[in-house]
Structures are given as C-alpha cells and as structure tokens.
Amino acid sequence: MSRAASALRARHAVRRISSSSASSPEAWDVPFHRLQKQRGQHLLTNPRVLDDIVRRAAIRPGDAVLEVGPGTGNLTARLLASPATRVAAVEIDPRMASAVTARAAALGLAHKLTVTTGDAMEVEFPEFDVCVSNIPYAISSPLAAKLLFGGYRFRTATLVVQREFARRLVGAPGHGERNHLATNARLVADVTLLMDVSKAEFVPVPGVDSSLVEIRMKEDRPAEVQPGIGLDEWLEFTRVCFGQHQLQRRRQNKKRRKEEKTLGTIFKREEMAMELFRLSRRAEEREGNGAGTSGLDAPHHGDDDVGDGKEVEDGCFSKEEVVAFKERIAGALQSARLNNERPSRLSNDDLLRLLQLFIKRGVRFH
Ligand SMILES: C[S@@+](CC[C@H](N)C(=O)[O-])C[C@H]1O[C@@H](n2cnc3c(N)ncnc32)[C@H](O)[C@@H]1O
C-alpha cells in the first residue's frame, strides 16, 4: 500500500472510530492526535482481533491487569469491561494518556483505571496478575526481559509483538541456540505463539506483520542452569553481556546503529570491573568463603588511586586488589579465547563455559 493510500485509510478509520458511540467499547470519543511512528503508534482497530486478545488473556475475576502503551484505549476499553478488578496502564505520550483516561470516563469505568505517564522501561510496574498489551515494537526485547527477569510475580503476559520477534521468542527453528532471550525465557516461562495478526488490522498500517504470544511464568524456577551455576548468576551474566547492546539498539537510529562490542571491550571498562569486584566480594561474604576460594582479600582502608588515577570508590579497595581482580577477568577471557568475540555470535555453551571460568577465578555476577 502506498504512503498516501495508507494515510487516507488512517484518516477514514479515525473518522469512523471517532463518530461511534462513547458507551460502546469501540468508541473513541476523544480528539484525534497525530500518531507518531517513532513511538510505535500503530493502533489496533479490528474489534474481532481486540476481543480475541482479551479472550485469550483469560482474565479472572479479581485480576490486576498491566497494559503497556494503551494508546487511545482500543484494548484498554475491553480490559476495563473484563472481570479484572483494576487496569494499570503505562503510556509514554501524555496526549495518549489523556485520551485513554477520557475514554475510560466516557465508559463509566474510570474507577478501574490508573494511567502512569512515563517510559515503560523506566517506570516501576505496580503489582499485576496479567499483562495484556499491544506493545511498541522498538522496546520488544528490553520489555520482554523486564517482564521475564525483572522480579515481577505474574501469571501471564499476552503480548502483540512483531512477528519476527514472536518467532525468535518462542525459539522457532532457524533461530538456533544463539537466541539468548528465548533460551533464558524458557528457564523461567513457557512461551506460546497464540495467533498471527495481519498488519492490515492496524492504523496506520505498519511495515511488518504481528503475532500474539503468551508468556506463562513457571511456578518453580530452577535454582541452577547447570551444576555450579545458579540461575540468578547466569541471568545477571547474560544481562551484562547483552544489556548494553540492547540499550544501544534502542537509542540509536537504525542507520547509525553501532556495532556490538566485543567481550574484551565490555569487560575492560573500569566501572564494570569495579561493579564485579563489589559483587564478587558480596558473594564471597554471602557464601562464607574465605580468601582461599576466590583469593579476594579483606577490605583495605586505603586512599590509593586505581589505573588511570581515579579514586577507588568507597576508599575500601586497594590499587593492588583491583589490578589483581582485573587480571582475573582478563585471565578468564583469555582461557576461553573469547576476547574478540561478540556475545550475540556465541552459543549458550560458549557463554556458560566463560561464566564457569569467571566463577572459578572468583569473578561473580550475583
Ligand atoms: C502499538 S501502540 C498500541 C496502542 C493501543 N494499545 C492499541 O492497541 O491500539 C503502542 C503505544 O505505546 C506507547 N509507547 C511507545 N513507547 C513507549 C514506552 N517506552 N513506554 C510506554 N509506552 C510507550 C505509544 O505512545 C503507543 O500509544
């Protein structure tokens, strides 16, 4: 469809929605605002698809629902009409936040809705039982990671995502074991593809097709991913390897996207070494190991400088301790021969092997 035809269709669709009755769930009795593509503002307008999403979310009486990116409230209106007790929505665009608030009021359901205006990646979510959202695709990976590994206790997340992302998340054949988000997701949840949603169901029509996925959290998480490697340690380690890269991807314009950093570069950063030093010392204290296990000495109350002259934070690590710790990090990378490798090009086995070498040298992530 040409750009002009798509814009025309969007205008017609908006007029159609705006003129429907305020009391029906399809109503959109709020002023129309220009939709912003950079914020992923592609509204789902097919009532049959919207109803299907809410039906598949299997909301129970008393549930608290989280919706990320309510937009003008096409999905929110149905969530409010469901057996849920309350709906908490997080919306980055204040115009949309006002629109969905006005719509809930027009439906007489404002008492069930709380809208937080802010970035879903920065806002702390309230407690919820189910998350039901047509998410902005630009934050698919970090949002999925936040839901899966952010410490929230919920039953399911039923999400409309880009089809390609859905396939990767469920670990469809062809994406291999290098799909770490899917591999890690499987440790804490069961992820199912529920249905495909054509791009024709959105206004304005996006460039990609979508799918509905269900993330069902496991009640029992395994304590270890393999003997000697705790689940939390592994998740923190992979967050360090991939987190930075994902943030970069989110912030950068597609054309100017920087290349992913090598493991050597990621672990050479001063702040990274200091953070790992603190974590390692804490792990040692927690596990009651003496200096013998990791070789980390007791805190030193000195005023030495580290490396390039920066003061040692908290004044409790000596220059020698930090230098020795950095050598451990470098040693693990060297033994694994992974210094020049980029995390996303490595298999899970390679990353597990590296983590084992780190742990053996007393470099801890949790
Ligand atoms: C794909 S639209 C979905 C709108 C609506 N739920 C629907 O289905 O018609 C995504 C919505 O997420 C909002 N959004 C984009 N980035 C966001 C972020 N980082 N945090 C919260 N909301 C965001 C957009 O403003 C937009 O309203």
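Residues numbered from 1 in each chain as written. Predicted model: local features only at pLDDT ≥ 70, side-chain atom pairs only at ≥ 80, totals over all residues. Heavy atoms only, no water.

K.L.:
When you look at the pairing of strand β4 (residues 113-117) in this model, what are you seeing that I'm missing?
P.N.:
Put simply, side chains in a regular strand alternate between the two faces of the sheet. With five bridges connecting them, strand β3 (residues 86-91) and β4 associate as parallel partners. Across the sheet, the residue bridging to Ala88 is Thr114, located in β4. Each parallel crossover has a hand, and for β3 linked through helix α4 (residues 94-106) to β4 it is right-handed. (Pairing = 2+ DSSP bridges. Helix = DSSP H or I, 4+ residues; strand = E, 2+ residues; numbered from the N terminus. Right-handed = clockwise from strand over helix to strand, strands pointing away.)

K.L.:
Please explain the pattern of salt bridges as it appears in this structure.
P.N.:
Side chains carrying opposite charge are able to pair once their charged atoms draw close together. In this structure the tally under the stated criterion is 19 salt bridges. Two residues, Arg163 and Asp196, come together in a salt bridge whose shortest N-O distance is 3.6 Å. With Arg163 in helix α6 (residues 163-169) and Asp196 in strand β7 (residues 189-197), this pair connects stretches of sequence that are 33 residues apart. Residue classification places Arg163 among the partly exposed residues on the basis of a relative accessible area of 21%. (Salt bridge = Lys/Arg side-chain N within 4 Å of Asp/Glu carboxyl O. Buried < 20%, exposed > 50% of the residue type's maximum accessible area, 1.4 Å probe, protein only.)

K.L.:
Where do I start with the sheet that holds β4 in this structure?
P.N.:
Each strand in a sheet pairs with its neighbour through backbone hydrogen bonds, running either in the same direction (parallel) or in the opposite one (antiparallel). Reading across the sheet, the seven strands line up as β4-β3-β2-β5-β6-β9-β7 and stay open at both edges, with mixed pairing between neighbours. A strand with exactly one partner marks an edge of an open sheet, and here the two such strands are β4 and β7. Mean inter-strand twist for the sheet, computed between neighbouring axes without regard to direction, equals 20°. Across seven bridges, strand β6 (residues 156-162) lies against strand β9 (residues 210-217) in antiparallel orientation. Bridged to Thr156 within β9 is Arg216. (Axes fitted to C-alpha atoms, helices over the stretch in contact; angles between N-to-C directions.)

K.L.:
I tried to follow the site of the ligand on my own but got confused; where do I start?
P.N.:
Contacts to the ligand come from 22 residues, most closely from Gln41, Gly69, Glu91, Ala120 and Asn134. The contact in question runs from an oxygen atom of the ligand to an N or O atom on the side chain of Gln41, over 2.8 Å. For the ligand, an oxygen atom lies 3.4 Å from a polar atom in the backbone of Gly71. The fraction of the free accessible surface of the ligand (600 Å²) that becomes covered by protein chains is 97%. Among the elements of the structure, β1 (43-44) and β3 are those that each provide at least two residues to the shell around the ligand. Of the residues assigned to the shell around the ligand, the class counts are nine nonpolar, eight polar and five charged. (Near = heavy atom within 4 Å. Polar contact = N/O pair within 3.5 Å; in protein donor to acceptor, adjacent residues only side chain to side chain. Areas by Shrake-Rupley, 256 points an atom, 1.4 Å probe, with all protein chains shown as cover. Nonpolar A, V, L, I, M, F, W, Y, C, P; charged D, E, K, R; others polar.)

K.L.:
So what exactly am I meant to see when it comes to the UniProt feature "binding site: S-adenosyl-L-methionine" (unreviewed entry) in the protein chain here?
P.N.:
The UniProt entry lists His42, Leu44, Gly69, Glu91, Asp119 and Asn134 under the feature "binding site: S-adenosyl-L-methionine" (unreviewed entry), expressed in the numbering used here. With relative accessibility at 5%, the residue Glu91 sits in the buried group. Among residues more than four places away in sequence, those in contact with Glu91 are Gly69, Pro70, Gly71, Met96, Ala97, Thr116, Thr117 and Gly118. A polar atom in the side chain of Glu91 sits 3.0 Å from the backbone nitrogen of Gly71. Among the polar contacts listed, one links the side chain of Asp119 to the backbone nitrogen of Met121, at a separation of 2.8 Å. (UniProt positions renumbered as here; feature names shortened; annotations may be inferred. Contact = heavy atoms within 4.5 Å.)

K.L.:
When you look at the packing of helix α12 (residues 319-336) against helix α13 (residues 348-360) in this model, what are you seeing that I'm missing?
P.N.:
Between two packed helices, the angle of one axis relative to the other and the distance separating the axes together describe the packing. Here α12 crosses α13 at 140°, and the two axes come no closer than 9 Å. With respect to the hand of their crossing, α12 and α13 are arranged in right-handed fashion. In this structure, α12 contributes Ile329, Ala332, Leu333, Ser335 and Ala336 to the contact, and α13 contributes Arg353, Leu354, Leu357 and Phe358. Of the residues that constitute the contact of α12 with α13, the class distribution is seven nonpolar, one polar and one charged. (Left-handed = near helix turned anticlockwise from the far one by under 90°.)

K.L.:
I would appreciate a short explanation of the packing of helix α5 (residues 140-149) against helix α7 (residues 180-188) in the present structure.
P.N.:
Two elements in contact, α5 and α7, have axes separated by 10 Å at closest approach and are oriented at 20°. As summarised for this structure, α5 and α7 are arranged roughly parallel, according to the angle between their axes. With respect to the hand of their crossing, α5 and α7 are arranged in left-handed fashion. Contact residues: α5 offers Ser141, Ala144, Ala145, Leu148 and Phe149, while α7 offers Leu181, Asn184, Ala185 and Val188. (Parallel < 35°, antiparallel > 145°, perpendicular 65-115°, else oblique.)

K.L.:
What is the right way to read the pairing of strand β2 (residues 64-68) from this model?
P.N.:
Along β2, five of the five residues are buried, which leaves the element largely enclosed by surrounding structure. Both faces of β2 are covered, namely the face carrying Ala64, Leu66 and Val68 and the face carrying Val65 and Glu67. When β2 meets β3, the two strands line up parallel, connected through five bridges. Looking at the pairing, Glu67 lines up with Ala89 of β3. In this view, the connection linking β2 to its parallel neighbour β3 by way of helix α3 (residues 74-81) has right-handed handedness. Sheet topology note: the β2/strand β5 (residues 130-134) ladder contains two bridges and is parallel. When the sheet's bridge partners are listed, Leu66 is paired in β5 with Cys131.

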